[in-house]
Amino acid sequence: MYFEMPAIHLWISGHEKKWEACLIAAERPWSRFLETTRMPGCFKKTLFALASLISFVSSILIVVAMGTPKWMTGKILCKTGADLVNATDPELVKFIGEIYYGLFRGGKIRQCGLGGRRSKFTIFPHMVKKLNTGLHVMIIMFLCVAIFFSLVSFGFCILNAIKVPYRAIKGPAGVCLWNFLAGGFIVLAVTSFMAAVKLHHLTERIANFRENVFQFVILEEQFEDCFWLCVASATAHAVNLLLIAISGIHFPKIKTKTEEANVTAEDIMY
């Protein structure tokens with residue numbers, strides 16, 4: 001009997017280790033489930049809810065900007081008509097018209113000495129061939145990709161407001177990535193449009209499209225509200241990056257005296 005006790009003890013301890021290993025293995029999926037379903041704090045919920053709203057508004061701003069034909073306005077001088085009558089400065093007013101356009105359509109008022117004549121035009125499919133086609137199509141593609149990433153950011157912000165994701169790509173790091181990509185593509189679109197206007201003389205090309213008799217010269221041009229909507233959209237994504245950075249700050253918790261006094265034996269063990 002004396003010699004059988006160590007064998008029994010070893011047999012019991014061996015089975016205890018097996019049961020302990022089984023319990024640890026069983027706890028792993030549950031711990032992962034708890035990590036994926038634990039709720040964020042109220043402060044983080046508010047920030048991510050605000051970020052989701054900003055992302056959604058940003059996508060709406062881009063859609064509105066793309067559909068509105070007033071990215072650019074300007075004044076055009078009918079040079080041919082002014083040269084025919086040798087118009088002086090007071091008479092040049094009769095030969096100054098207006099033009100406006102966006103990414104898909106626009107219009108102009110021709111003033112060639114016989115009164116104003118209004119006309120509307122579309123960029124596609126014919127006029128775009130006379131412009132820098134590749135650059136114009138790239139601007140539209142950049143904005144479409146920016147809308148996609150804005151909506152992705154909107155979805156992931158809602159996800160982070162509801163729960164704390166297990167994977168980093170679904171968490172704040174992923175939200176930062178989508179906002180950075182959305183803002184970056186908007187900046188590329190805005191920069192490309194400015195290059196088309198200033199370097200490739202976009203307004204002058206549009207004003208002289210299918211003008212066989214008269215030649216128009218650009219007197220002045222300015223960016224309009226739709227252009228600045230895209231700039232505001234890019235700024236919104238920069239604000240989102242700031243909000244997400246603030247959400248990662250861990251503020252110290254202030255403990256009251258009652259919380260410090262209620263210390264049990266379980267608290268000491270853990």
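Reading the values: the criteria
- Residues numbered from 1 in each chain as written.
- Predicted model: local features only at pLDDT ≥ 70, side-chain atom pairs only at ≥ 80, totals over all residues.
- Heavy atoms only, no water.
- Helix = DSSP H or I, 4+ residues; strand = E, 2+ residues; numbered from the N terminus.
- Buried < 20%, exposed > 50% of the residue type's maximum accessible area, 1.4 Å probe, protein only.
- Contact = heavy atoms within 4.5 Å.
- Areas by Shrake-Rupley, 256 points an atom, 1.4 Å probe, with all protein chains shown as cover.
- 1 Å grid on protein atoms, 1.4 Å probe; cavity = no way out; pocket = protein on both sides within 12 Å on 5 of 7 lines; lining within 4 Å.
- Points joined across faces, edges and corners; volume = space filled by probe spheres on them.
- Nonpolar A, V, L, I, M, F, W, Y, C, P; charged D, E, K, R; others polar.
- Expected span 1.5 Å × (residues − 1).
- Phe/Tyr/Trp six-rings, centres within 6.5 Å; stacked < 30°, edge-to-face > 60°.
- Lys NZ or Arg CZ within 6 Å of the ring centre and 35° of its normal.
- Core = buried A, V, L, I, M, F, W, Y, C linked by side-chain atoms within 4.5 Å.
- pLDDT = per-residue confidence, 0-100.
- Axes fitted to C-alpha atoms, helices over the stretch in contact; angles between N-to-C directions.
- Parallel < 35°, antiparallel > 145°, perpendicular 65-115°, else oblique.
- Left-handed = near helix turned anticlockwise from the far one by under 90°.
- Pairing = 2+ DSSP bridges.

Participant: Lay out the overall build of the chain in plain terms, naming residues and giving numbers.
Facilitator: Within the chain, the regular secondary structure consists of 9 helices and 5 strands. Put simply, the chain runs from its N terminus to its C terminus through helices and strands in the order α-α-β-α-β-β-β-α-α-α-β-α-α-α. A burial count over the chain gives 34% of its 270 residues as buried. In the chain, of all internal contacts separated by at least 6 residues, the share reaching a separation of at least 24 is 71%. Entry remark: accessible area of the chain is about 17400 Å², with carbon and sulfur atoms responsible for 67%.

Participant: Any details on empty space enclosed by the protein? Residues and values, ideally.
Facilitator: Evaluated as defined, the whole model comprises 1 cavity of 30 Å³ or more. There is about 60 Å³ of room inside the largest cavity. Lining the largest cavity are Leu131, Asn132, Leu135, His136, Ala196, His200, Leu202 and Arg205. Elements with a contribution of two residues or more to the lining of the largest cavity: helix H4 (133-162) and helix H6 (202-207). Tallied by class, the residues present in the lining of the largest cavity amount to 4 nonpolar, 3 polar and 1 charged.

Participant: Residue-level account of helix H7 (residues 225-247), with values.
Facilitator: Between the first and last C-alpha of H7 there are 32 Å, a value that for 23 residues agrees with the 33 Å anticipated at 1.5 Å per step. On its buried face, H7 sits against helix H2 (42-67), H4, helix H5 (172-198) and strand S5 (216-223).

Participant: I'd love a proper account of the packing of aromatic side chains, names of residues and values included.
Facilitator: Scanning all chains against the criterion turns up 13 aromatic pairs. Ring geometry for Phe56 and Phe154: centres 5.3 Å apart, planes at 45 degrees, overall tilted. Residue Phe56 is found in helix H2, and its partner Phe154 is found in helix H4; the two are separated by 98 residues along the sequence. Residue classification places Phe154 among the partly exposed residues on the basis of a relative accessible area of 26%. Residues Phe223 and Phe227 carry aromatic rings whose centres are separated by 4.3 Å and whose planes lie at 25 degrees to one another, so their mutual orientation is stacked. For the pair formed by Phe223 and Phe227, the shared burial category is buried. Every member of this aromatic cluster is reached through a ring pair, and the members are Phe142, Phe148, Phe149, Phe156, Trp178 and Phe185. Against the face of Tyr100 rests Lys70, its NZ or CZ located 5.5 Å from the ring centre.

Participant: Run through the nonpolar core, naming residues and quoting values.
Facilitator: As a rule of thumb, soluble globular proteins bury nonpolar side chains together. Ranked by internal contacts, the top residues of the largest apolar core, which has 43 residues, are Trp71, Tyr101, Leu103, Leu143, Phe193, Leu202 and Ile206. With 7 residues, H4 is the largest single contributor of residues to this core. Not counting chain neighbours up to four residues away, the residues in contact with Leu103 comprise Met66, Trp71, Ile123, Phe124, His136, Ile139, Ile140, Leu143 and Phe193. One finds Ala51, Ile54, Val175 and Ala236 within the second-largest nonpolar core, a separate group that totals 10 residues.

Participant: For the confidence of the model for the chain, give the residues involved together with the corresponding values.
Facilitator: Within the chain, residue pLDDT values average 81, and 76% of them lie at 70 or more. Confidence, expressed as mean pLDDT per element, reaches its minimum in the chain at helix H1 (residues 4-37) with 48 and its maximum at H5 with 95. For residues 29-37, every residue scores under 50 in pLDDT, and the model assigns this stretch 6 contacts once sequence neighbours within four places are set aside.

Participant: Give a description of the packing of H2 against H7 that names residues and reports values.
Facilitator: In the contact formed by H2 and H7, the axes pass within 9 Å of each other and the chain directions differ by 165 degrees. What the angle tells us is that H2 and H7 run roughly antiparallel. The interaxial crossing formed by H2 with H7 has left-handed handedness. Tallied by class, the residues present in the contact of H2 with H7 amount to 19 nonpolar, 6 polar and 1 charged.

Participant: Describe the pairing of strand S2 (residues 96-101), with residues and values.
Facilitator: Residues of S2 alternate between two faces, with Gly97, Ile99 and Tyr101 buried on one and Ile96, Glu98 and Tyr100 left unburied on the opposite face. Pairing of strand S1 (residues 72-78) with S2 involves 6 bridges; the strand directions are antiparallel. Among the inter-strand pairings, Thr73 is bridged to a residue of S2, identified as Tyr100. Here S2 pairs with strand S3 (residues 105-111) via 4 bridges, running antiparallel. Residue Ile99 lies in a different strand from S3, and its bridge partner there is Lys108.

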